Amino acid sequence: MRAETTIERRPSDNPKIVELDALIEELIAVIDDENALLASGMPASLAATTGRKSNLASSIEASLKAIGAAGPVTDAERSYLDQRVGFVQRLAQENLSRLAGAIGASRRRIAAVVAAVREDGASTAPVYGRTGSRMSGGSTAHTSLLPDRLA
């Protein structure tokens, strides 16, 4: 999704905007890498990237606050920042969608494994007779669970 051709060039050399731009680029790279892994069928358990994304998002938020606290920005700077933040939001939305799909796939895999284990366990489980002893041959014929004297 790295189609950034519509985003104009950074309009100033304001160090706060340059710093914010670097953080945004890093977040874009992390999300792109994670989206590529998810698209290839990797499970959703990407805890390392989740922490990194969270840290970068916090840093971006702090950087935006610092820019706002430093005073007014030009119209060109505001337009540029709006485009960059909008792009990251669209990329993050795609990431959320891919994560939801991967989580669903992981749940389906787990359910299939559990069902297979249950099915396998049921077919190989020992069968116990009326007296509580194991019956040979694994017969699944119906036997009474009542004590011998009542059966």
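The text that follows walks through the structure, step by step, so that each part is easy to find. (Residues numbered from 1 in each chain as written. Predicted model: local features only at pLDDT ≥ 70, side-chain atom pairs only at ≥ 80, totals over all residues. Heavy atoms only, no water.)

## A closer look at the layout of surface pockets
Then, in step 1: If you add up the space inside the largest pocket, you get close to 280 Å³.
Then, in step 2: Around the largest pocket, the lining is made up of 16 residues, and of these Leu 27, Ala 57, Val 88, Gln 89 and Ala 92 lie nearest the centre.
Then, in step 3: For the lining of the largest pocket, the elements supplying multiple residues, two or more each, are α1 (15–39), α2 (47–69) and α3 (75–124).
Then, in step 4: Sorting elements by how many residues they give to the lining of the largest pocket places α3 first, with eight residues.
Then, in step 5: The class makeup of the residues in the lining of the largest pocket is ten nonpolar, four polar and two charged. (1 Å grid on protein atoms, 1.4 Å probe; cavity = no way out; pocket = protein on both sides within 12 Å on 5 of 7 lines; lining within 4 Å. Points joined across faces, edges and corners; volume = space filled by probe spheres on them. Helix = DSSP H or I, 4+ residues; strand = E, 2+ residues; numbered from the N terminus. Nonpolar A, V, L, I, M, F, W, Y, C, P; charged D, E, K, R; others polar.)

## Remarks on the nonpolar core
Then, in step 1: Core analysis: the largest hydrophobic core is formed by 17 residues, its most contacted members being Leu 20, Ile 24, Leu 27, Ile 28, Ile 60, Ile 67 and Leu 81.
Then, in step 2: Among the secondary structure elements, those contributing two or more residues to this core are α1, α2 and α3.
Then, in step 3: Element by element, the count of residues in this core is highest for α1, at eight residues.
Then, in step 4: With near-sequence residues (within four places) excluded, Ile 60 lies in contact with Leu 20, Leu 23, Ile 24 and Leu 27. (Core = buried A, V, L, I, M, F, W, Y, C linked by side-chain atoms within 4.5 Å. Buried < 20%, exposed > 50% of the residue type's maximum accessible area, 1.4 Å probe, protein only. Contact = heavy atoms within 4.5 Å.)

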